[in-house]
Amino acid sequence: MSKFPVWYEHIHTCKQTGARLGRVHTPHGTFDTPTFMPVGTQASVKGLSPEEVAGTGAGIMLSNTYHLWLRPGSEIIAKAGGLHKFMNWKGSILTDSGGFQVFSLAKPKDIVEEGVKFRSHLDGSKLFLTPEESMRVQNNLGSDIMMAFDECCPYPCSHDYAKRSLERTTRWLDRCIDAHKRPDDQALFGIIQGSMYEDLRAISAKEITSRDLPGFAIGGISVGEPKDLFLKMIDCTVPLMPEDKPRYLMGVGSPDYLIEGSLRGVDMFDCVLPSRMGRHGTILTWKGRKIIRDARYAEDFGPMDPDCDCYACKNFSSSYVRHLLKAKEMFGQRLCTYHNIYFLVKLMEKVREAIAEDCLGDFRDSFYKDYYGT
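The rules behind each value
Residues numbered from 1 in each chain as written. Predicted model: local features only at pLDDT ≥ 70, side-chain atom pairs only at ≥ 80, totals over all residues. Heavy atoms only, no water. Helix = DSSP H or I, 4+ residues; strand = E, 2+ residues; numbered from the N terminus. Contact = heavy atoms within 4.5 Å. Buried < 20%, exposed > 50% of the residue type's maximum accessible area, 1.4 Å probe, protein only. Pairing = 2+ DSSP bridges. Right-handed = clockwise from strand over helix to strand, strands pointing away. Salt bridge = Lys/Arg side-chain N within 4 Å of Asp/Glu carboxyl O. Axes fitted to C-alpha atoms, helices over the stretch in contact; angles between N-to-C directions.

Colleague: Tell me about the side chain of S74, residues and numbers included.
Modeller: Mapped onto the elements, S74 comes out in helix α3 (residues 74-79). Those residues in contact with S74 that sit more than four places away from it in its chain are L68, R136, V137, N140 and L141.

What follows is the structure in structure tokens.
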């Protein structure tokens, strides 16, 4: 057993690739890794009930500190008994720190040593988010895993800016550790930064992982950089992370990035991609992406993905789902969203099977051949 409320159990290392199969234990359950986490920004995965999300096989969900801080307010959620009771989700929950939303949504913003001054994207009111406030809000939310408040650098940015930013992120981590009031039932993860510079990634990894924390994340990538640079940053960062703790790659959800991250030893991933695509009528299939709202599916009475056994594919035709989307019936968006999350959860299940069978490299090649047709 670990001294932390969240801990990693290693099961197997793929002999072909070095990818790892594991399990993460939390106060609200256990989930197998590598895993994909659906995103419920406002304490809800858009369009789906908690029971439907659980029905996809997902064991952990991500919710957003920034948005819940603004609305309805973390005090209300605390009075409701915490985020699990508030949203009736029985699995594990990870909350991000609010940092990414501040840096992506808040314009203009003023980054100072104490925190970030900005205006609400809802009503323009003046706000000030600090490491201490992020911890207070996340302690109120009661998530199993809470993330340290960090700065996500824009891409591209200068080496000097990235260095100053990661140093501030390290100082903010120490303030988060000091402000964390519930270490016995909530795990605090630190975040490695450094933009797209290998030397800075090494510095940040050394500093962040020197803190005695139950898990660590790779932040500041998948922010618009080319794929080869994305992979380069994972390659130089993952080997510097502890082997006995969960490794979380933030904001990644496309099938190729999930597989490539898993190949390199990452355990946890999250992204809004499956629900966002679903709401716009695009689905992920084992033969690539499909835009179901296109006219070519008007008389396609087969399932959206013949190789999928999810609720949507077993019960409804492409023609019907297209009709719903064109008619602006929300059920069509719900079916596409459900399918996409199910697809990514199932993909990670197949990734875990391939790791257990020491053939993840072969699985990747086979998947890419079917998915991209190459």
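Okay, back to it.
Colleague: Explain the pairing of strand β11 (residues 187-192) to me, using residue names and the numbers behind them.
Modeller: The element β11 is extensively covered by neighbouring structure, given that 6 of its 6 residues are classed as buried. Side-chain alternation along β11 places A187, F189 and I191 on one buried face and L188, G190 and I192 on a second face that is also buried. With 3 bridges connecting them, strand β10 (residues 145-147) and β11 associate as parallel partners. Looking at β11, one finds that M147 is bridged to F189. The β-α-β motif built from β11, the intervening helix α8 (residues 198-209) and the parallel element strand β12 (residues 215-218) has right-handed crossover chirality.

Colleague: Go over the pattern of salt bridges, please, and point to the residues and values.
Modeller: For the coordinates displayed, the defined rule picks out 25 salt bridges. Ionic pairing is found between R20 and D267, a salt bridge with its closest N-O pair at 2.6 Å. Of this pair, R20 sits in strand β2 (residues 20-26) while D267 sits in the loop between α10 (255-263) and β14 (268-270), placing them 247 residues apart in sequence. Here the two residues R20 and D267 agree in accessibility, since each one is buried. Of the charged contacts, one joins R23 and D32 as a salt bridge, the two residues approaching to 3.1 Å between their closest N and O atoms. Relative accessible area serves as the criterion here: at 28%, R23 is assigned to the partly exposed category. Linked by salt bridges that have partners in common, D235, E260, R264, R364 and D365 make up one network.

Colleague: Describe the sheet that holds β2, listing the residues and the values that go with them.
Modeller: Backbone-to-backbone hydrogen bonds join strands into a sheet, with any given pair of strands oriented parallel or antiparallel. A sheet is described by the order of its strands in space; here 3 strands give the open sequence β1-β2-β3, paired in antiparallel fashion. Every interior strand has two partners, whereas the edge strands, β1 (7-13) and β3 (29-33), have only one. Ignoring which end each strand starts from, the neighbouring axes of this sheet average 20 degrees apart. Summarising the sheet, β1 and β2 pair through 6 bridges and their orientation is antiparallel.

Colleague: Provide a residue-level description of unusual backbone geometry, including the pertinent values.
Modeller: Looking along the chain, the bond that leaves R71 and enters P72 is cis, with omega of 10 degrees. Positionally, P72 belongs in the loop between α2 (65-70) and α3. Going from Y155 to P156, the amide bond is cis rather than trans, its omega being -5 degrees. Take P156: it is sitting in the loop between β10 and α7 (159-179). Within the chain, S195 stands out as a residue other than glycine whose phi angle is a positive 55 degrees.

Colleague: Report on the sheet that holds strand β7 (residues 109-112), specifying residues and quantitative values.
Modeller: Taking strand neighbours across the sheet as the criterion, the 3 strands line up as β7-β8-β9 in an open arrangement whose pairing is antiparallel. Two strands bound the open sheet, and with one partner strand each, they are β7 and β9 (126-129). Ignoring which end each strand starts from, the neighbouring axes of this sheet average 15 degrees apart. Sheet topology places β7 next to strand β8 (residues 115-119); 4 bridges connect them, and they run antiparallel. Paired with K109 across the two strands is F118, which belongs to β8. Together, β7 and β8 form the strand contacts of α7, whose direction differs from that of β7 by roughly 70 degrees.

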